[in-house]
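Chain and residue survey
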Amino acid sequence: MTKLLTTILSVVLTITVNAQVTDAENQLKEIKTDSLSGWKQGLALGINANQTSLTNWAAGGQSSFALNTVFTGFVSYKSPKTAWDNTIDLGYGFLSQEGVKYTKKTDDKIDLMSKFGREAFKNFYYAVLLNFKTQFTTGYKYPTDSTRLKISNFFAPAYLVGALGMDYKPNTHLSVFAAPLTGKLTFVTDTMLSNAGAFGVKKGETLREEIGGYVRVVYTKNDFKAEWLKNLTFTTKLDLFSNYLDNPQNVVVNWETLVIMKVNKYINVNLATQLIYDDKVKISKDTNNDGVIDSSGPRVQFKEIFGVGITFKL
């Protein structure tokens, strides 16, 4: 299985790099030196902060400071026969509270994707995709305000997906990528988490290999006709993966949605949600609230971040 998975990832990487280089060379021959026909790119940085300071406050409360940052960028190329999309999504946030021993993480994400396609027939492309995900820093669970347990780390987990399939792109808003041949690697390089068998790896090992099918649906819209929606950007991404060799009915789900409402040139309101279900990720729980973890198993994970802040676009 290791050789098969390595072969799939190598083929995806080779096809992606060779196709991109070849196509870029061909396009350079066709365009003028001062032209970037077919290319689009964009960057956005969002910063949302919240600060509360209380001194001798009779009504009670707690001083705190919270910061959430989001960085997104894309580079894409479109010609009559070629579609190449590259994206980067980074996020990090934390909360610091008076009297609480630890500063707590509220968001942590690294997500890189490259997808290259050549037209097969109208609106359909033969496509290869590479996707890498991990996080920046150590993640903890906090049984109390003065204790913490490590549950994740940089490259623990990290996911690398290589997929071969078809991409349906009827317009600039929608992409439906289906890959019946997909290799997925899960890395857990933290020794403590590896020894515990976290994120589906066998105890003491740092890598889990999977072969399966993959579907990725992306919908983005920022040109709403309704007057009250003209400053709204909506993006939703759904990733589905089924391991052919191990409980294929247990589909791994990752669904992310981002809504941004632009108030003026710099101020925005945004709402981000993420839903994850992975039967190999065991979530511990105190079912009777006595301070003792007495249950562990796969559960639906959900994250929601709402903020008002500053956005810079380049």
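For every chain, the first residue of the written sequence is number 1, and numbering continues from 1 onward in sequence order. For this predicted model, a pLDDT threshold of at least 70 governs which residues receive local features, and a threshold of 80 or more governs which side-chain atom pairs are given and counted, while totals over whole chains, interfaces and linings are taken from all residues. Values reported for side chains reflect all heavy atoms of the structure, with hydrogen atoms and water molecules removed beforehand.

A few words now on unusual backbone geometry. Residues Ala156 and Pro157 are joined by a peptide bond in cis, for which omega reads 10°. Relative to the helices and strands, Pro157 resides in the loop between strand 7 (147–152) and strand 8 (158–168). Even without being glycine, Asn123 reaches a positive phi, approximately 70°. Helix and strand assignments follow DSSP, with helices taken as H or I runs no shorter than four residues and strands as E runs no shorter than two, numbered in order from the N terminus. Structurally, the position occupied by Asn123 is in the loop between strand 4 (104–121) and strand 5 (124–134).

Classification of ring pairs rests on two measures: the distance between centres of Phe, Tyr or Trp rings, Trp counted by its six-membered ring, which must be within 6.5 Å, and the angle between planes, read as stacked under 30 degrees, edge-to-face over 60 and tilted in between. For the structure shown, the criterion picks out 14 aromatic pairs. Ring centres of Trp39 and Tyr77 lie 5.0 Å apart, and the angle between their planes is 45°; on these two criteria the pair is classed as tilted. A residue pair is termed long-range when its members are at least 10 positions apart, and Trp39 in strand 1 (residues 39–52) and Tyr77 in strand 2 (residues 64–78) qualify at 38 residues. The classification of residues rests on relative accessible area computed with a 1.4 Å probe and restricted to protein chains. Under 20% of the type maximum is buried, over 50% is exposed, and intermediate values are partly exposed. The exposure class assigned to Trp39 is partly exposed, which follows from its relative accessible area of 29%. Taking 4.8 Å as the distance between ring centres and 35° as the angle between the ring planes, the aromatic pair formed by Phe124 and Tyr168 counts as tilted. Residue Phe124 is found in strand 5, and its partner Tyr168 is found in strand 8; the two are separated by 44 residues along the sequence. Two limits define a charge over a ring: the Lys NZ or Arg CZ must be within 6 Å of the ring centre, and within 35 degrees of the ring normal. Here the guanidinium or amino end of Lys104 rests over the ring plane of Tyr142, the centre of that ring lying 4.9 Å away. A cation over an aromatic ring shows up here: Lys221 above the ring of Phe224, its NZ or CZ 5.6 Å from the ring centre.

This part is about a nonpolar patch on the surface. Residues forming no salt bridge and having over 30% relative accessible area are the ones grouped into patches, like charges within 9 Å of each other and nonpolar side chains (Val, Leu, Ile, Met, Phe, Trp, Tyr) within 5 Å. Using the Shrake-Rupley algorithm and a 1.4 Å probe, accessible areas are obtained, with residue cover drawn only from the displayed protein chains. Salt bridges are defined by distance alone: a side-chain nitrogen of Lys or Arg within 4 Å of a carboxyl oxygen of Asp or Glu. Side chains of Val263, Tyr266, Ile267, Leu271, Phe306, Val308 and Ile310 sit close together on the surface and give an oily, nonpolar patch of about 620 Å² of accessible area. Mapped by element, the contributors of at least two residues to the nonpolar patch are strand 13 (267–277) and strand 16 (301–313). Considering every element that reaches the nonpolar patch, the biggest residue donor is strand 16, with 3 residues. Inspection of the secondary structure puts Val308 in strand 16.

Before going further, it helps to spend a moment on the pattern of salt bridges. Applying the stated rule across the entire model yields 16 salt bridges. For the salt bridge of Glu210 with Arg208, the shortest nitrogen-to-oxygen distance reads 3.6 Å. The pair Glu210 / Arg208 is uniform in exposure class, with both members buried. Between Lys280 and Asp279 there is a salt bridge whose closest N-O contact spans 3.8 Å. Take Lys280 and Asp279: they sit in the same class, and that class is buried. What emerges from the salt-bridge pattern is a single network uniting Arg208, Glu210, Asp246, Asp278, Asp279 and Lys280.

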